[in-house]
Every structure is written in structure tokens, then in C-alpha cells.
Amino acid sequence: MNWILSDLWQFDFFRNAMLTAFLAAVSCGLAGTYIVSRRMVFISGGLTHASFGGIGIGYFFGFNPILGAALFAVLSALGIEYASKRISVREDSAIAILWSFGMAVGIIFVFLTPGYAPNLMNYLFGSILTVSREDICFLLGLTIIMLVFFIFFFRLILFTAFDENFAITRRMPVQFINYSMMILIALTMVFNIRVAGIILVLSLLTIPQTIASIFTHDFFRMAVISMVAGWVGIFGGLMFSYSLDIPSGASIIFLLVILFFIARLISYFLHRKAG
Amino acid sequence: MADKLIEMRSVYAGYGNAVILRDVDLDIYSDDFIGVIGPNGGGKTTLIKTILGLIKPRKGKVSYMFDRDRHAIGYLPQLHKFDPRFPIKVCEVVLSGLYDNRLRPSIYRRKDRMKAMELLESMNIQDLAKMPIGELSGGQMQRTFLCRAIISDPILLILDEPNTYVDNKFEHDLYDRLKDLNKRMAILLVSHDIGTISYYIKSIACVNHKVHYHGSGKITQDQLAAYDCPIQIITHGAVPHTVLKTHQDELDTE
Ligand SMILES: Nc1ncnc2c1ncn2[C@@H]1O[C@H](COP(=O)(O)OP(=O)(O)O)[C@@H](O)[C@H]1O
Ligand SMILES: [Mg+2]
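Residues numbered from 1 in each chain as written. Chains lettered and ligands numbered in written order. Predicted model: local features only at pLDDT ≥ 70, side-chain atom pairs only at ≥ 80, totals over all residues. Heavy atoms only, no water.

J.: Tell me about the sheet that holds strand 1 (residues 4-15) of chain B, and please be specific about residues and values.
T.: Residues and elements named next belong to chain B. Spatial strand order, 2-1-4: 3 strands in an open sheet with antiparallel pairing. Each having just a single partner strand, strand 2 (18-29) and strand 4 (59-64) make up the two edges of the open sheet. Taking the axes of each pair of neighbouring strands and ignoring which way they run, one obtains an average angle of 15 degrees across the sheet. In this structure, strand 1 lies alongside strand 4, joined through 5 bridges in antiparallel fashion. Looking at the pairing, Tyr 12 lines up with Lys 59 of strand 4. (Pairing = 2+ DSSP bridges. Helix = DSSP H or I, 4+ residues; strand = E, 2+ residues; numbered from the N terminus. Axes fitted to C-alpha atoms, helices over the stretch in contact; angles between N-to-C directions.)

J.: Account for the packing of aromatic side chains, with residues named and values stated.
T.: For the structure shown, the criterion picks out 24 aromatic pairs over all chains. Ring centres 4.9 Å apart and planes at 55 degrees place the aromatic pair A:Phe149 and A:Phe153 in the tilted group. Here A:Phe149 and its partner A:Phe153 are both found in helix 8 (residues 133-162), 4 residues apart, which amounts to about one turn of the helix. For A:Phe149, a relative accessible area of 11% translates into the label buried. Three or more aromatic residues joined by ring pairs form one cluster here, namely A:Trp9, A:Phe11, A:Phe13, A:Phe14 and A:Tyr242. Looking at B:Arg68, its charged tip hangs above the ring of B:Tyr64, at a distance of 4.4 Å from the centre. Above the ring of B:Tyr99, the side-chain terminus of B:Arg104 is found at 5.5 Å from the ring centroid. (Phe/Tyr/Trp six-rings, centres within 6.5 Å; stacked < 30°, edge-to-face > 60°. Buried < 20%, exposed > 50% of the residue type's maximum accessible area, 1.4 Å probe, protein only. Lys NZ or Arg CZ within 6 Å of the ring centre and 35° of its normal.)

J.: If you had to explain the domain arrangement of chain B to someone new, which residues and values would you point to?
T.: All names here are of chain B. Per the domain assignment, the segments of chain B are domain 1 (4-66 + 155-253) and domain 2 (83-152). With 11 residues of domain 1 in contact, the opposing surface of domain 2 contributes 9 residues. Summing both sides of the interface, domain 1 and domain 2 together bury roughly 740 Å²; the carbon and sulfur share of this comes to 72%. Ranking the residues of domain 1 by area buried against domain 2 places Leu 157, Phe 170 and Arg 177 at the top, with a combined share of 54%. Viewed at the interface, domain 2 and domain 1 are joined by 2 residue pairs in polar contact (both at pLDDT 80 or more). (Domains from an automatic or database assignment. Contact = heavy atoms within 4.5 Å. Buried area = accessible area lost by both parts, 1.4 Å probe. Polar contact = N/O pair within 3.5 Å; in protein donor to acceptor, adjacent residues only side chain to side chain.)

J.: An account of the pattern of salt bridges is requested, with residue identities and associated values reported.
T.: In this structure the tally under the stated criterion is 18 salt bridges over all chains. As a salt-bridge pair, A:Arg155 and B:Glu92 come within 2.5 Å of each other at their nearest N and O atoms. In this pair, A:Arg155 is assigned in helix 8 and B:Glu92 in helix 2 (residues 90-95), connecting two distinct chains. Considered together, A:Arg155 and B:Glu92 belong to a single accessibility category, that of buried residues. Notably, a salt bridge pairs B:Asp100 with B:Arg102, separated by 2.6 Å at the nearest N-O pair. Here the residues in one salt-bridge network are B:Lys4, B:Glu7, B:Arg9 and B:Asp27, joined through shared partners. (Salt bridge = Lys/Arg side-chain N within 4 Å of Asp/Glu carboxyl O.)

J.: Tell me about the coordination of the magnesium ion (ligand 2), and please be specific about residues and values.
T.: Residues and elements named next belong to chain B. In the first shell of the magnesium ion (ligand 2), the protein supplies Thr 45 (OG1) and Gln 78 (OE1), at 2.0 to 2.4 Å from the metal. Of the two residues, Thr 45 sits in helix 1 (residues 44-52) while Gln 78 sits in the loop between strand 5 (73-76) and helix 2, which places them 33 residues apart along the sequence. Judged by relative accessible area, Thr 45 falls into the partly exposed class, the value being 22%. Overall, Gln 78 belongs to the partly exposed group, its relative accessible area being 33%. (Donors = N, O, S within 2.8 Å, 3.2 Å for Na, K, Ca; no water.)

J.: Can you explain the sheet that holds strand 7 (residues 186-190) of chain B? Please cite residues and give values.
T.: Residue and element names in this part refer to chain B. Strand order in the open sheet formed by 6 strands is 5-6-7-3-8-9, and the pairing between neighbours is mixed. A single partner strand is all that each edge strand has here, and the edge strands are strand 5 and strand 9 (210-214). Each strand of the sheet is rotated relative to its neighbour by a mean of 15 degrees, with strand direction disregarded. Direction of pairing for strand 3 (residues 33-37) relative to strand 7: parallel, over a ladder of 4 bridges. Bridging from a neighbouring strand, Ile 34 pairs with Leu 188 of strand 7. Set on the sheet, helix 4 (residues 138-150) makes contact with strand 5 and strand 6 (156-160); between it and strand 5 the angle comes to about 170 degrees. This element, helix 5 (residues 168-181), spans strand 3, strand 6 and strand 7 of the sheet and lies at about 155 degrees to strand 7.

So, in C-alpha cells, the structure goes:
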């Protein structure tokens, strides 16, 4: 393994992929722990798929599809947060509409784009080995902003997520926290599309958290364990993706699921010993 | 003379198209201990949420006669559709009662942690401090939420049916504690069981879409009927037994 690594390390693409793996693990660890604790997994899935509309528009007008996706996801996130407090469309059906509407817009624009859409598979299934410098900058910027945000507002984020009404009676800045977190989630989803693909990126924010919740019931520890588990999955998946030439999304998620079962086994034996 | 804390004038409140509370006038003073009673669905929780500012009145006005930046309103919600698997520890739930609109460090201050532990100790649940909130029993949760409500030394404490899912002993402990707290803060206690709380409260508000304020802690079945407040007085222990009557207008309501 060692010689493979030192061999690969010479290559730009590999160093980029390693950096991306690290940033993806950190950003998904934080955002994912939030969405899992708050049971916003379905909303987050909706955001990701809605962002495909932006990818299509990016192709059509010839700018970086990730930017289009970011715009779509952020607007959807703000819309969901705004609407959830005001209108009483049953929330899950509204999100399902958004989900499929974004996909439809994306498909329409991809097909309207003259010629064929290069790299479309990369957005659908992930391709961590081909991330561009620009993609890394987006992910790096997001990760830094999110870390700073969590350092400053960790307790407010935690308390607002736990009991929003109580937080309002304490006059905590609940709206500010909710909107900011929605934007951060949307951007985390989108900037990690290059890692796992639209179809699987949600698992990057949920499987590590499920693994972590086997071992802890504390938000902070859950986030840290998720980062570690996520990194193991992404790094391992990257190696598989390279050696077998398969999309990184699939190999990463496959590994994470195996990791999950290993974690279950470990906890089973730990508990058996203890009890 | 006690200070007036809150003044509600001609308040209408509700959800969507439904108006739940109509034309509510209510004053709360700093030494009050008000029992809020009324039938299920009568709007007790809605009244509380309006006082807390969780619901904006449709019409009318809720005025606060104190500086809300300096004095808190403590709130113990009706038990409570929070997610029992949410990853948060008991002591953190209590500490959350200290945070407000000011920016505070994410690391708890020592004196805050001490205060939280003292409160947990006074409720005899200090051993649970590190437990996830979801693993507590109903009574332990209510204790935790009471700690959270009073850690900020509120000027007014509002409790929404704190006696659900708790045993009798805890209920009486709780009311004794409230009586003690009432020396320092006004208390608004929602209960559907007026028999038990009548020993502790100083006045009564009957909520059945309208609010009738009754300036003493005792109320008879006839008065309840006059207020159009169809609840039954159930008494406990060595209290003179009130014979329940079914009023004609009780059957007519709704
Ligand atoms: N969030 C809500 N949305 C719509 N209707 C509600 C909501 N909360 C309560 N209601 C309705 O308002 C009425 C009063 O409810 P509530 O104030 O909870 O009564 P109580 O606390 O006295 O049992 C009930 O008919 C209830 O169905
Ligand atoms: Mg209620």
C-alpha cells in the first residue's frame, strides 16, 4: 500500500483527490450530523436532486455546472425554510415536487445543449479523481466558513435544533441560525457532488452519522466520529475507484456500508463483553 | 402592590383560518400564581404561546411591562414532541436555558455549569447529568425541563401541564417547589386538574376560547358553569368532596 501511495503522490490529480477527501469528510461530518439529528434527511435529498436543474442550466449556458447547482440548491433551501413556517402544503409532498422538478429542468437543459454533455456521468455518479482546482476551492471555502460558523454558534445551533420553540422564547436568533444552516447544507450537498455524485451524495452525510450514533449520543462526538468514518470511506473508495476504474460515488458508499456493518459487529461484541 | 408584568388587551389568536382565542383580556402581576384550566382543545396552550410570543395575535395587543432583554420568561412546554433520539445530554438541555440573543462562547462557563449542577441536584437527578435526554423517564424529563426553565431566574414561569406522565408524588413535590419559587417569580400553571392545584394557586383563569379570570384560588362547579368552562372538579385526599353535577349548558357547548 505504501509504495502505491508514494507513487501516486507525485500526481496532481491524486493530491487533489486526497485534499478533497479530507474536506469532504469534514464538511459532510458537520452538516450531516445536523441533518440526521434534525431528521432533515429527506429535505436534504430534495435539495440535492433539485440542484440538478442548475447543472443542466450550467451546461446549456456554458458555465461551471456546480455553480448552477449551488444557485438552485440555495434558492430551494431558502424557499423550503420560508415556506415551512407559513404554508401548510404537506411538507413532504412539496419537497417531492421540488425534487422531481429540479431533475426535470436539468434533463431538459442537458438535452437542449447542442452536442453531447461531457462529464455528465461525473455529476451523476461522482468522480473524485477528476476534481478541478476550482471545485477544490469551493469545497475549501465552504469547509472553512462552516467550521468558523460552528465554532461561533455551536450551542445556538444545537439548542435551536433540539427545541426551536424554546429557543424562540429565549430569544435566540433562531431564524438566522435556521437560514444559515439551510444554506450551508445546500452548499455542502452541491460541493460534494463531485465526490459522490448527485445520486449518492446524501449517503455521504448520513451513513457516517449512522455509524457514529452506534457509539455516542453526543452531537459533538457524533460529528467527530462521522468525520473519521467518512474519511476512511472516502479515502478507501478513492483507491478502489482508481484501481478498478469505477465511479467514486459507488465505491465510497459501498465501503461506508461495509464499515457500518463492521461498526455494528464491534458494538455488539463490546456490549456482550460489558453485559 | 405588585408590579404588572404582562397586559393582554382584546387579543385574538389562532392558526390558519381557525380563531381559537377570542377577545382575551388578562393581566399578570409579579406575585401571581395563576392556575389556567379548561377543557382539552379550549386554547390553554394557545394562550401560553401567545403570551410567550410564539404566536402573533391576530388582533389586540400583548404588552410586556418589563425589559425583555434583562428578564426572562421561563417556559416548560407541554410534553413534548421532541425527538427522543436527539443527541444532547441532560446537563446541556439545562444549560440551554441560559442562552439568549447575546453571543456567548460555545464552551460553557464554569459558573454556568455549577449552576446547572446545583439545579439538577435540587431535583435529585444530578446522576443523570451526562445521560442522553431520550433515555429519561417522563418524570425525569419534566424535572430536566423545569431546571431549564428556571436556570435563567425568570421573572415569570409558565408551565404547560407539567403533571402529564408523572406520578402523584412528583406532582406534589413539583407544586411545593413552585410555591417556593413563587416568592421570587410569577407563575402561570396550566392544568386540566383543578382539584390538585387549588391548594397552591392564588387565582384561576378558565380558558374555553374565551378567558375568564377568577380572582381567587377556589372555584365551584356553579362558577365554572357560569364561565362556560366545562371541566369537572376532581378532588384528591382529605378534601371535602365536591359533588359533580352535569350542567345542561355543559352538554350544549361545542
Ligand atoms: N399548530 C396548530 N395548528 C392548527 N391548529 C392547532 C395547532 N395547535 C392547536 N391547534 C388547535 O387549536 C385548538 C386549541 O388547542 P390548544 O391551545 O392546544 O388547546 P389546549 O391546550 O387547551 O388543549 C385545538 O382545536 C387544536 O386542534
Ligand atoms: Mg395544551
